[in-house]
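# Coordinates in review
For reference, the chains in residue letters:
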Amino acid sequence: MNLRESGRVLAAYAKPRWRMLSLSILFFVLGSAVEPLLPALFKKLLDSGFQEGLKYPIWVVPLIIIGMFVVRGGFNFSGAYMLNSASSLVVLDLRRDLMKAVLRADAKLFTHMSPGIAVTRIINDPQFAAGAVGGALTTLLRDATTLLFLMGYLVYLNWQLTLVSMVTAPLLAFAVRTIQKRLKHVGEASYLSHQRLVNIVDDNARAWRVVRTFDAMDFESQRFEAEATVQRRMQLKHAAAAALATPTTQLVASIGVAIIVTLALWQASHGAATVGEFVSFITALLMAMSPMRHLTDVYQPITQAMIVMQGCRDLIDAPKEPDLGTREIATCRGEIEFDRVLLTYEGAPRPALDGLDLHIRPGETVALVGASGAGKTTVVSALLRFAVPEGGEIRLDGVPINDLKLANLRRHFAVVSQDIVLFDGSIAQNVAYASGEVDRAKVESCLRAANLMAHVQTLPEGIDTPIGTNGSKFSGGQRQRLAIARALYRDAAVWIFDEATSALDSESEAVVQRSIEDMRHTKTLILIAHRLSTVRNADRIYAMSDGRVVESGSHEELLESGGVYASMVRLQSAG
Ligand SMILES: Nc1ncnc2c1ncn2[C@@H]1O[C@H](COP(=O)(O)OP(=O)(O)OP(=O)(O)O)[C@@H](O)[C@H]1O
Ligand SMILES: [Mg+2]
């Protein structure tokens, strides 16, 4: 992992907030500038007050002390407020870009990033990174400037002594560097373990039914326990490395202090310094110890933040869906051509589409049939450019789809996919998904066409009923019908139903079938089904096998020719 690069990314996000950040620095610096006033006051008190008698009323002293803390507090509050305003804006910007990255990422991203990891990366990680760096920055600003001012005062008081106190600096630097290396190493291991833990939780939240059906609670508990223990161990190692920083630096610093005190005492005994000067010097020196110690504490959060930022950076830099097309089709007729299309998924041993030829005329209803894995869904993916062929050409209304803008290409399709995915929200919101104003009458007519209205009417809130996470309050067939209604709501030129009626009973299927029949000739329809009774009325049936069309024709023609389709039909009617 390259932590410096992650730092650069975070810095780039912080850059537009430089005004707020500078203001915050200014407040912190002002707050710290008040700091040396305390030992200075002591010096004045001890030197003049005790030896020569007070030259000012005694009530001034508490007033000055309290006043100093009020001023310092005010500055520090303002500094912290400004810093947090800036860092919360950085988090917002980061999250926005991360979300955009997910929305625009190439389909490949989703084969290796679980929803849980996406959630962590977008929601938790930026907050953590900005919080950690912000906190560290506060410490740095407050303590480094305090230290600077105190050192300045020390030099002013007695530069020889101050110089001597620097002898331990190289030793300190070495100790800090060693600890920092260890922090990076353990921090990375901890982060990776954290991700594995997220994935386990993610699996269990999604597949809870499977887990329980398999009576796998113990298995999952053990899996979780094992990883959580690894995570705990890493966390502890990390904390130990971080905790080592303080005593180590203190030890090194104590060497410096020992030398100084000895020297100062020696100087004082030779009359080179006053008592006030000595007390003041030691006070300032001791005050400098605490910020010095805090400074070594900033490495741990910063290192961890950089490790976390690495994940965010990977996501932001994830390859985008290529969208190089420039052309648009205003009104689509729905003519589709596949011209010797060759498509191989990454890492697959053989092509999913192996020189596929298809020609679907506008307004035609075609069916794709074939064994599981024949490449039917891949045809749809290629058409919508979720998967990109390495050979051949796909054309929509005669325009190669690669020349079309992605948004324009996809606008012409309404798809009910094989795996139904629904959104959190009401039935109406799901049917009219992302179409702005919800046309309630249209929602109802689409629900009716999908044979779901009768059920929706029985619900107390009607079309405003929430459907639960991914439609969990619905049955499988109801979910499918909801997805059909969602597709029907969309005015597209090409309608694709990929196994869209597989979970429906005969009655619902008949209703949906009729709705589809109603659209015939006004839309191009692509039906994919294993249940062949649903496709027999198609204008043309393409039988696919191993990524190729092996035969095509109408139901009657194909039965006549006695090929693959005919034997499929025979098998199904026998069963
Ligand atoms: N994202 C992917 N990565 C790698 N291989 C894939 C991917 N999606 C599908 N495949 C493979 O491509 C081939 C065609 O899959 P496809 O989903 O198109 O089949 P299908 O005809 O729709 O099957 P089914 O009737 O079971 O839905 C299969 O061998 C499958 O394993
Ligand atoms: Mg499929």
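Conventions and cut-offs
- Residues numbered from 1 in each chain as written.
- Chains lettered and ligands numbered in written order.
- Predicted model: local features only at pLDDT ≥ 70, side-chain atom pairs only at ≥ 80, totals over all residues.
- Heavy atoms only, no water.
- 1 Å grid on protein atoms, 1.4 Å probe; cavity = no way out; pocket = protein on both sides within 12 Å on 5 of 7 lines; lining within 4 Å.
- Points joined across faces, edges and corners; volume = space filled by probe spheres on them.
- Helix = DSSP H or I, 4+ residues; strand = E, 2+ residues; numbered from the N terminus.
- Nonpolar A, V, L, I, M, F, W, Y, C, P; charged D, E, K, R; others polar.
- Domains from an automatic or database assignment.
- Pairing = 2+ DSSP bridges.
- Axes fitted to C-alpha atoms, helices over the stretch in contact; angles between N-to-C directions.
- Parallel < 35°, antiparallel > 145°, perpendicular 65-115°, else oblique.
- Contact = heavy atoms within 4.5 Å.
- Near = heavy atom within 4 Å.
- Polar contact = N/O pair within 3.5 Å; in protein donor to acceptor, adjacent residues only side chain to side chain.
- Donors = N, O, S within 2.8 Å, 3.2 Å for Na, K, Ca; no water.
- Buried < 20%, exposed > 50% of the residue type's maximum accessible area, 1.4 Å probe, protein only.

The next thing to look at is the layout of surface pockets. For the largest pocket, the calculated volume is near 2300 Å³. For the largest pocket, the lining is made up of 48 residues, of which E321, L384, F386, R410 and S417 are closest to its centre. Only α4 (60–104), α5 (109–112), α13 (376–383), α14 (406–411), β6 (413–416) and α18 (476–489) provide two or more residues apiece to the lining of the largest pocket. If you tally residues by element for the lining of the largest pocket, the top one is α14, at four residues. Taken together, the residues that form the lining of the largest pocket break down as 25 nonpolar, seven polar and 16 charged. Each of domain 1 (3–316) and domain 2 (336–574) accounts for three or more of the residues forming the lining of the largest pocket. By volume, the second largest pocket amounts to about 910 Å³. If you trace the second largest pocket, you find 24 residues lining it, with P115, R206, V421, T469 and N470 closest to the centre. Every element with two or more residues in the lining of the second largest pocket is listed here: α4, α6 (115–157), α8 (169–206) and α9 (208–213).

To continue, consider empty space enclosed by the protein. Overall, the coordinates contain five cavities of 30 Å³ or more when judged by the stated rule. Of the volumes computed, that of the largest cavity is approximately 100 Å³. As for the largest cavity, its lining consists of F497, E499, A500, T501, E509, Q513, I516, L527, I528, A529, T534 and V535. Counting residues per element, the ones that place at least two in the lining of the largest cavity are α19 (506–519) and β8 (524–528). The greatest single-element share of the lining of the largest cavity, amounting to three residues, is contributed by α19.

As a further point, take the sheet that holds strand β2 (residues 353–360). Note on sheets: strands pair through backbone hydrogen bonds, and any given pair is parallel or antiparallel. In space, the four strands of this open sheet follow the order β2-β1-β4-β5, with antiparallel pairing throughout. The open sheet terminates on both sides in strands that have one partner only, identified here as β2 and β5 (399–400). Note: strand β1 (residues 336–343) against strand β4 (residues 391–396), five bridges, orientation antiparallel. Bridged to D339 within β4 is E393.

Bringing the packing of helix α11 (residues 275–297) against helix α12 (residues 299–316) into the picture now. At a minimum axis separation of 5 Å, α11 and α12 run at an interaxial angle of 20°. In this view, α11 runs roughly parallel relative to α12, as classed from their interaxial angle. Note on element contacts: α12 touches α11 through Y299, Q300 and P301, opposite L295, T296 and D297. By residue class, the composition of the contact of α11 with α12 is three nonpolar, two polar and one charged.

What follows deals with the site of ligand 1. Every residue near ligand 1 is listed here: Y345, A352, A371, S372, G373, A374, G375, K376, T377, T378, Q418 and H530. Between ligand 1 and S372 there is a distance of 2.6 Å, counted from an oxygen atom to a side-chain nitrogen or oxygen. A distance of 3.2 Å separates an oxygen atom of ligand 1 from a polar atom in the backbone of A374. Per-class residue counts for the shell around ligand 1 are four nonpolar, seven polar and one charged.

Turning our attention to the coordination of the magnesium ion (ligand 2). Only T377 (OG1) and Q418 (OE1) from the protein reach the magnesium ion (ligand 2) as donors, at distances of 1.9 to 2.3 Å. With a gap of 41 residues between them, T377 in helix α13 and Q418 in the loop between β6 and α15 (427–431) connect regions that are remote in the sequence. Overall, the relative accessible area of 33% leaves T377 in the partly exposed class. Accessibility expressed as a relative area gives 41% for Q418, which makes it partly exposed.

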